[in-house]
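One letter stands for each residue in the lines below.
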There are 2 protein chains.
Amino acid sequence: MSAPATTDAVHLSLADVAALTRRVLLACGVDPRNEPAITASVVAAEADGVHSHGLARLPTYCEHAKVGKIYGKARPVLDSPRPGIVRVDAKCGFAHPAIEFGLPALLAAAKAQGIAALAVTNSYNCGVVGYHVERIAAEGMVALGFVNAPASIAPAGGTRPVFGTNPIAFAVPRPGRPPLVLDQSSSVVAKSEIVVHQQRGEAIPLGWALDKDGNPTTDPAAALAGGTMVPSGGYKGAGLALIVELLAAWLTDAHLSIEASSFADNLGGSPQTGQFFIAIHSEALAGPQAGERLERLFAAITDQPGARLPGSRRAEARGRTARDGIAIPRALHDKIAAYG
Amino acid sequence: MSAPATTDAVHLSLADVAALTRRVLLACGVDPRNEPAITASVVAAEADGVHSHGLARLPTYCEHAKVGKIYGKARPVLDSPRPGIVRVDAKCGFAHPAIEFGLPALLAAAKAQGIAALAVTNSYNCGVVGYHVERIAAEGMVALGFVNAPASIAPAGGTRPVFGTNPIAFAVPRPGRPPLVLDQSSSVVAKSEIVVHQQRGEAIPLGWALDKDGNPTTDPAAALAGGTMVPSGGYKGAGLALIVELLAAWLTDAHLSIEASSFADNLGGSPQTGQFFIAIHSEALAGPQAGERLERLFAAITDQPGARLPGSRRAEARGRTARDGIAIPRALHDKIAAYG
């Protein structure tokens, strides 16, 4: 999520980001019906200043589409085994078109039933989970999101990875404003932070990761080669990762984190991870003073010096990038452009 | 959750625990239709070795029923504003009969809809949240539980409490075994741990709580008098507490944690906190190999030396207490018995 240096950088408007992303995805064989959902998510990540999940991911997306680790032409298939359950099989394609395919049915079910779930299986890295729950909340629903990933967190007391960094995300609609969005991994930091440090040749702080023997390490390579990510809050972070695993992977009949191939290399076939979203129609429950009560809670946070609402940095970035665009390292730009 | 000393202790079978609890609740004016749900939860907490949430709470329950901070005769009222939503108004009575009142409707809705929610409002301390989700999972459903409590955790960067220790609980049915149950507060430790240390005149470890100025403290009195509980994993624990707050309090139209009166003293009227449960019919989703996949995940944890599944200590206690009963300090026993 760190901003790139402006020396030897390429400046892009958000429209440039969209055009570049579209061009290379299509050149790598992504179906034109799948491309818009992926492009929109890359633009949104850059707009929000979440650079680790924006253009930085695009070379991997392109590479995976080219080598067939992900099927760019896969079209998601939807069914609804119960009135409150929408299931989408991503068919080993990109996560974004699969989730987008399921959203209208999820929203309709939540409106009718009061609560509904969207289970996405045989999927892939879905980028920023907050992006998806925000879209649900923008339609007036309270949203929860759970996502699994290749194993990188060990269970409490153990040394071998069992859970992905397994983020949880939450969004709630606010009257007259964008939804409040929370999005946090079960680990102290997202794995992408370790990768960014490795790419820069920098040590990682103690407390982020363990080596393969379970010892604390400052070496990003030791963390990534058979090591594990430290769960946030110790056993409670591992507990949260287990909850996310059971919802996002086990319940959706996707690959467990221990079974999923890496999001980073070309090996092991499709990761086939899962995503699980819950949408709740708050109007049915939160009472006539819902909006006022929500803002009263938020004011109890923002009234304190030094405290801020989750997502406020992203909201600030959104204003800035819409006006100024973004800057990315020339090396990254050239690496992406080579795919198109 | 610490076992009491056996010197100057009173030994009780679980049947004795039930009889004692029943007697004093009824003596304090609790409606005979409400008493069984409360008694069952006290027995279950003692059976599981969670002493902080068993008989240790009973004097407060009795006191609150006597002084009218909780209405022992309140009968919960149920409605279903949407096919997937069950709402129970506890009417400022005990939480346990209100939750129990809603469970059959929740289970029926989850079976029919695939997913359903139970929102309990105008409620009270519901004891061990895991107890409730385990009951949902025992009926074959995946269960999530969210509970708010009087404010004791400050938002990230702030010093004034906004969230309760706001636990999250999860349970999943296991073929041929009791459900797996996770139950964890958003703070490093449950507030009851601070109270237990204060009662014993012991210091608390650094990292559990902050004093009223936001400084780390080892003094349980400083933690409880205007101080705050440290969120687990720093800002991520505060983020989880916010998610729980929005579901358990805001969404259920209950008192926010900043509005709720204390669970510990006689002041401020009924706490009117909330509970929110989600039940998911996993059969509709988890596929034909669901049981085998679940046990494969759990084996990846239990195969590691030093790692264990959440809830394994409670499961062990259950076997032991069913056979040997429990021991409680004579002072606690006499304090309880004085209510009956």
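Below, the structure is looked at part by part. Small disclaimer: the values here were computed from a predicted structure and weren't measured.

Concerning helix α6 (residues 191-200) of chain B
All names here are of chain B. Burial in α6 covers these residues: S192, E193, I194, V196 and H197. For α6, the secondary structure elements touched by its buried residues are β8 (209-210), α7 (220-224) and β10 (228-229). Following α6 by one or two positions, G201 has its phi on the positive side, about 70°.

As for the interface of chain A and chain B
Across the boundary between the two partners, chain A contributes 78 residues, which contact 78 residues of chain B. For the pairing of chain A and chain B, the buried interface totals around 6,300 Å² over both sides, and the portion due to carbon and sulfur atoms is 67%. In terms of surface lost to chain B, no three residues of chain A exceed K236, W250 and L285 of chain A, which account for 13% of the buried area on that side. One can count four salt bridges joining chain A with chain B. Among the salt bridges present, the one from R293 of chain B reaches D253 of chain A, with a minimum N-O distance of 3.4 Å. In terms of residues, the side of chain A that touches chain B owes the most to one element, helix α8 (residues 235-250) of chain A, which gives 11 residues. Class assignment for the residues of the side of chain A that touches chain B results in 48 nonpolar, 18 polar and 12 charged.

Quick look at the packing of aromatic side chains
Residue and element names in this part refer to chain A. Inspection of the entire model under this criterion finds eight aromatic pairs over all chains. Aromatic pair Y61 and F94: ring centres 5.7 Å apart, planes at 75°, arrangement edge-to-face. Pair noted here: Y61 is in helix α3 (residues 58-67) and F94 is in the loop between β3 (85-89) and α4 (95-113), with a separation of 33 residues, a long-range link. You'll find Y61 and F94 in the same group, each marked buried. Through successive ring pairs, a cluster of aromatic residues spans Y61, F94, Y124 and F263.

Quick word on the pattern of salt bridges
Tallied over the full model, the rule gives 32 salt bridges over all chains. Note that D79 of chain A and R87 of chain A form a salt bridge whose closest N and O atoms lie 3.0 Å from each other. Relative accessible area serves as the criterion here: at 31%, D79 of chain A is assigned to the partly exposed category. As a salt-bridge pair, E292 of chain B and R296 of chain B come within 3.3 Å of each other at their nearest N and O atoms. Here E292 of chain B and its partner R296 of chain B are both found in helix α9 (residues 290-302), four residues apart, which amounts to about one turn of the helix. The exposure class of E292 of chain B is partly exposed, given its relative accessible area of 49%. For R296 of chain B, a relative accessible area of 36% translates into the label partly exposed. Each of D48, E134 and R318 of chain A takes part in a single network of salt bridges with overlapping partners.

So, the relation of the copies chain A and chain B
The operation relating chain A to chain B is a screw motion whose rotation component is 180°, with 0.0 Å of axial translation and a residual RMSD of 0.0 Å. Those values place the two copies in the arrangement expected of a two-fold rotation axis. Proximity to the rotation axis, assessed at the C-alpha, singles out G233 of chain A in chain A; its C-alpha lies 1.9 Å from the axis. The overlap is high: 100% of the interface residues of chain A also sit at the interface in chain B, so the same surface is used on both sides.

What to know about the packing of helix α1 (residues 14-27) of chain A against helix α11 (residues 330-337) of chain A
Residue and element names in this part refer to chain A. At a minimum axis distance of 9 Å, the contact between α1 and α11 shows a crossing angle of 40°. Classified by the angle between their axes, α1 and α11 sit oblique to one another. Residues L20, R23 and V24 of α1 touch α11, and the partners they reach there are H333, I336 and A337. In the contact of α1 with α11, the residues fall into four nonpolar, one polar and one charged.

A look at the sheet that holds strand β6 (residues 168-174) of chain B
Taken together, the seven strands give an open sheet; going across it, the order is β2-β3-β4-β11-β5-β6-β7 (chain B), and neighbouring strands pair in mixed fashion. Looking at the sheet topology across the chains shown, the edges are occupied by β2 (77-82) and β7 (177-184) of chain B. Recorded for the sheet is a direction-independent mean angle of 15° between the axes of neighbouring strands. Bridging between strand β3 (residues 85-89) of chain B and strand β4 (residues 115-123) of chain B involves five bridges; their strand directions are parallel. Bridge pairing links D89 of chain B to T121 of chain B in β4 of chain B. Lying over the sheet, α8 of chain A contacts β5 (142-147), β6, β7 and β11 (273-280) of chain B, oriented at roughly 125° with respect to β7 of chain B.

Some remarks on the sheet that holds strand β9 (residues 216-217) of chain A
Strand order in this open sheet of three strands is β9-β8-β10 (chain A), and the pairing throughout is antiparallel. Two strands in the sheet have a free side with no partner beyond their single neighbour: β9 and β10 (228-229) of chain A.

Brief notes about unusual backbone geometry
Notably, D253 of chain A is not glycine yet its phi reads approximately 65°, a positive angle. Along the chain, the position of D253 of chain A falls in the loop between α8 and β11 (273-280). Residue D253 of chain A is classed as partly exposed on the basis of its relative accessible area of 32%. The phi dihedral of C92 of chain B is positive, around 65°, even though this residue is not glycine. Relative to the helices and strands, C92 of chain B resides in the loop between β3 and α4 (95-113).

Section: the side chain of Q304 of chain A
Of note, Q304 of chain A is situated in the loop between α9 (290-302) and α10 (312-324). When its relative accessible area of 3% is taken as the criterion, Q304 of chain A is described as buried. A distance of 2.8 Å separates a polar side-chain atom of Q304 of chain A from the backbone nitrogen of T159 of chain B. Reaching out from Q304 of chain A, the side chain makes a polar contact with the backbone nitrogen of R160 of chain B at a distance of 2.8 Å. Residues contacting Q304 of chain A, with those up to four places away along its chain left out, are P155, G158, T159, R160 and V162 of chain B.

Points about α9 of chain B
Taking 1.5 Å of rise per residue, the 13 residues of α9 of chain B would be expected to cover 18 Å, and the 18 Å separating its terminal C-alpha atoms lies within 8% of that figure. Buried within α9 of chain B are the following residues: A290, R293, L294, L297, F298, A300 and I301 of chain B. For α9 of chain B, the angular spread of buried residues about the axis comes to 150°, placing them on one side. Each element contacted by the buried residues of α9 of chain B is listed here: α8 of chain A together with β6 and β7 of chain B.

Here we look at the pairing of strand β7 (residues 177-184) of chain A
Sheet topology note: the strand β6 (residues 168-174) of chain A/β7 of chain A ladder contains six bridges and is antiparallel. Pairing of A171 of chain A across the sheet is with V181 of chain A, part of β7 of chain A.

The rules behind these values
Residues numbered from 1 in each chain as written. Chains lettered and ligands numbered in written order. Predicted model: local features only at pLDDT ≥ 70, side-chain atom pairs only at ≥ 80, totals over all residues. Heavy atoms only, no water. Buried < 20%, exposed > 50% of the residue type's maximum accessible area, 1.4 Å probe, protein only. Helix = DSSP H or I, 4+ residues; strand = E, 2+ residues; numbered from the N terminus. Contact = heavy atoms within 4.5 Å. Buried area = accessible area lost by both parts, 1.4 Å probe. Salt bridge = Lys/Arg side-chain N within 4 Å of Asp/Glu carboxyl O. Nonpolar A, V, L, I, M, F, W, Y, C, P; charged D, E, K, R; others polar. Phe/Tyr/Trp six-rings, centres within 6.5 Å; stacked < 30°, edge-to-face > 60°. Least-squares fit on C-alpha atoms with pLDDT ≥ 70 in both. Axes fitted to C-alpha atoms, helices over the stretch in contact; angles between N-to-C directions. Parallel < 35°, antiparallel > 145°, perpendicular 65-115°, else oblique. Pairing = 2+ DSSP bridges. Polar contact = N/O pair within 3.5 Å; in protein donor to acceptor, adjacent residues only side chain to side chain. Expected span 1.5 Å × (residues − 1). Arc of directions from axis to C-beta.

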